[in-house]
Amino acid sequence: MKLRDKLHIDIEEFFSTGKFDHLKLGKSKEWVINNFPDPDGYDDEEDILNDDIWTYGNVELHFYKEELVLIYSEGITNLNGGDSIDIRKGILGSDRECDLNRIMSYLNQRHIDFRKKTHNVGSYSIDLILESGVKLAFQLEQNDIEGHEMFLERCKTTNQDDFKLVTFSLTND
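Residues numbered from 1 in each chain as written. Predicted model: local features only at pLDDT ≥ 70, side-chain atom pairs only at ≥ 80, totals over all residues. Heavy atoms only, no water.

Attention now goes to the sheet that holds strand 9 (residues 164-171). In spatial order, the strands read 2-3-4-9-8-7-6; together these seven strands make up an open sheet with antiparallel pairing. What marks the edges here is a single partner per strand, and that holds for strand 2 (53-56) and strand 6 (114-119). Here the average twist between neighbouring strands, direction ignored, is 20 degrees. As paired strands, strand 7 (residues 125-130) and strand 8 (residues 134-139) are joined by five bridges and run antiparallel to one another. Paired with Ile 126 across the strands is Phe 138, a residue of strand 8. Contacting strand 6, strand 7 and strand 8, helix 4 (residues 100-109) runs over the sheet at an angle of about 10 degrees to strand 7. (Pairing = 2+ DSSP bridges. Helix = DSSP H or I, 4+ residues; strand = E, 2+ residues; numbered from the N terminus. Axes fitted to C-alpha atoms, helices over the stretch in contact; angles between N-to-C directions. Contact = heavy atoms within 4.5 Å.)

Here it is as structure tokens:
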């Protein structure tokens, strides 16, 4: 669907409620194409319907068996909604503000409940799973010179300020 004006998405509302405008997981491709802006880079509706990943800037909608199963972005430092979506970034508007401690403080100030999950098998990462179902994933940057074991040891003793937000996602998992 072509819109005259860009659709506005507020990140704080998305984190708080899991709402990405009026999109809901489980909606069909057909429903999304008729009720949400067309993804970037398509001129033909048939071409859109044949793809399982639709992009809006660096935000992705993923479909499985014709059903919306994931809203995802790994472009946090340059978050944008492409041709059709204006993203009101809030705290995500500055790379400096995207460390784990700042995001947890931000969520607490806005009474957005979450649970924290640390992963240390294979790579070291920390997820915040928000009450809304949105998952925020944080990682350390690995120095290319470091070996994997040295990197994992450094992760265990690193300040949470060094963990940066790398993705957000909403899925039924």
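Turning our eyes to something else, we now look at helix 4. Each full turn of the α-helix corresponds to 3.6 residues, which orients residues three or four apart in the same direction. Considered for burial, the residues of helix 4 that qualify are Leu 100, Ile 103, Met 104, Tyr 106 and Leu 107. End-on view of helix 4: buried residues confined to an arc of 160 degrees, all on one side of the axis. Looking at the buried side of helix 4, the elements it contacts are helix 1 (11-17), strand 6, strand 7 and strand 8. Near the N-terminus of helix 4, the side chain that reaches the backbone nitrogen of Asn 101, with its oxygen 3.2 Å away, is that of Asp 99. At the C-terminal side of helix 4, His 111 shows a positive phi close to 60 degrees. (Buried < 20%, exposed > 50% of the residue type's maximum accessible area, 1.4 Å probe, protein only. Arc of directions from axis to C-beta. Polar contact = N/O pair within 3.5 Å; in protein donor to acceptor, adjacent residues only side chain to side chain.)

So, on to the pairing of strand 3 (residues 59-64). Strand residues, when the strand is regular, have side chains that alternate between the two faces of the sheet. Of the pairings in the sheet, the one linking strand 2 to strand 3 comprises four bridges and is antiparallel in character. Bridge pairing in strand 3 links Thr 55 to Glu 60. With six bridges connecting them, strand 3 and strand 4 (residues 67-73) associate as antiparallel partners. Bridging from a neighbouring strand, Phe 63 pairs with Leu 68 of strand 4. Turn length for the strand 3-strand 4 hairpin, with the two strands adjacent in sequence and antiparallel, is two residues, and the turn residue Lys 65 shows positive phi of about 50 degrees.

Going through the model one piece at a time under the given rule, you end up with six salt bridges. Measuring nitrogen to oxygen at the nearest pair gives 3.2 Å for the salt bridge that ties Glu 12 to Arg 110. You can see Glu 12 sitting in helix 1 and its partner Arg 110 sitting in the loop between helix 4 and strand 6, a full 98 residues away along the chain. We note a salt bridge from Glu 66 to Lys 29, for which the minimum N-O separation is 3.7 Å. (Salt bridge = Lys/Arg side-chain N within 4 Å of Asp/Glu carboxyl O.)

Counted as a void, the largest pocket has a volume near 190 Å³. Considering the residues around the largest pocket, the lining is formed by Arg 115, Lys 117, His 119, Asp 127, Ile 129, Gly 133, Lys 135, Ser 169, Thr 171 and Asp 173. Those elements giving two or more residues to the lining of the largest pocket turn out to be strand 6, strand 7 and strand 9. For the lining of the largest pocket, the element with the highest residue contribution is strand 6, accounting for three residues. Looking at the lining of the largest pocket residue by residue, the classes come out as one nonpolar, four polar and five charged. (1 Å grid on protein atoms, 1.4 Å probe; cavity = no way out; pocket = protein on both sides within 12 Å on 5 of 7 lines; lining within 4 Å. Points joined across faces, edges and corners; volume = space filled by probe spheres on them. Nonpolar A, V, L, I, M, F, W, Y, C, P; charged D, E, K, R; others polar.)

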